[in-house]
Amino acid sequence: NNNFGPDLDTNSNPLNPVINIRSISSDPNLVADLGVEIVKGIQDQNVAATAKHFPGHGDTSTDSHTGLPTVDKSYEEIKQLELVPFQAAIDAGIDMIMTAHIAYPQIAEKLETKSGELITAPATLRKDMGFEGVVVTDSMTMQAIVQYFGDAEAVVMAFQAGVDIALKPTVINCPSSIKDMDRIIDYAVQAVEDGRIDEKELDASVRRILELKEKRGILDLNEDNHTIEEKIANAEAIVGCEEHRRIERIVAEQAITVIKN
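So, how was this worked out
- Residues numbered from 1 in each chain as written.
- Predicted model: local features only at pLDDT ≥ 70, side-chain atom pairs only at ≥ 80, totals over all residues.
- Heavy atoms only, no water.
- Phe/Tyr/Trp six-rings, centres within 6.5 Å; stacked < 30°, edge-to-face > 60°.
- Helix = DSSP H or I, 4+ residues; strand = E, 2+ residues; numbered from the N terminus.
- Polar contact = N/O pair within 3.5 Å; in protein donor to acceptor, adjacent residues only side chain to side chain.
- Axes fitted to C-alpha atoms, helices over the stretch in contact; angles between N-to-C directions.
- Parallel < 35°, antiparallel > 145°, perpendicular 65-115°, else oblique.
- Left-handed = near helix turned anticlockwise from the far one by under 90°.
- Contact = heavy atoms within 4.5 Å.
- Nonpolar A, V, L, I, M, F, W, Y, C, P; charged D, E, K, R; others polar.

Engineer: Describe in detail the packing of aromatic side chains, supporting the description with residues and values.
Structural biologist: With the rule as written, the count across this model stands at one aromatic pair. Both rings, one in F54 and one in F86, keep their centres 5.3 Å apart while their planes meet at 85 degrees; by these two values the pair is edge-to-face. Note that F54 is positioned in strand β2 (residues 48–54) and F86 in helix α3 (residues 83–91), a separation of 32 residues in sequence.

This is the structure:
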């Protein structure tokens, strides 16, 4: 019911080590035109699409999985390039936008560390670009975040900045890892009780998430009487089924493109 795509970064830096071929083009208008069609294709199938990595990961030479990239551009500059595809997606009614772990020193509020993107992105999205959907972070376990903040504090900072969903605040790869998620949740709850997280903003985030779930048919309190076991069985019968694998192979074969000959 949710796709963390399409990638709407404009790959303007040929040395980009992480976006490169994930981007549609180095032309922001082409990224916008084709990106909007991808968004429509996804959401026409009742799946929530997510534009990433806002405000733009295309002009970086650092991989945010391993370090913190910096883009030294003004707000006026990124409005002419990086923000073009995101504005087009917003205008087309995209459900979700994913923020990047990138420092924009000219436009971001400066913190003691460099991770200013958590402050700037939601405010820019809501006020200047008119986005009313759900804002989700990129994975909070990436080194661009982990090496500067503790996992729990990073989640609180994201919520303080107006993010609706903190994606993957810790790695859960075994049952014992659940305690780390519980610890982060407890820390966030304490931040609400201490007044560090505004309850009205938290309520607004919850409402946006619930409205999206209702819009995509995930939340149906009036008619859905299936048990969680039935829902899991249904999901396992659909996700990764042979029909989908067959379509995946066809799409992969037809998508092969010669980029250097």
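Engineer: I'd like to hear about the environment of E76, residue by residue, with values.
Structural biologist: For E76, the position within the fold is in helix α2 (residues 75–80). Taking the C-alpha atoms as reference points, E76 and I107, separated by 31 residues in sequence, lie 9.6 Å from one another. Of the polar contacts made by the side chain of E76, one reaches the side chain of K79; its length is 3.1 Å.

Engineer: A description of the packing of helix α6 (residues 151–160) against helix α7 (residues 178–193) should follow, citing residues and the corresponding values.
Structural biologist: For any two helices packed against each other, the geometry is given by the interaxial angle and the distance between the axes. In the contact formed by α6 and α7, the axes pass within 9 Å of each other and the chain directions differ by 45 degrees. Put simply, α6 runs oblique to α7. As for how α6 packs across α7, the hand of that crossing is right-handed. Together, D151, A152, E153, V155 and V156 of α6 and R183, I184, Y187, A188 and A191 of α7 make up the contact between the two elements. Residues belonging to the contact of α6 with α7 are distributed by class as follows: seven nonpolar, no polar and three charged.

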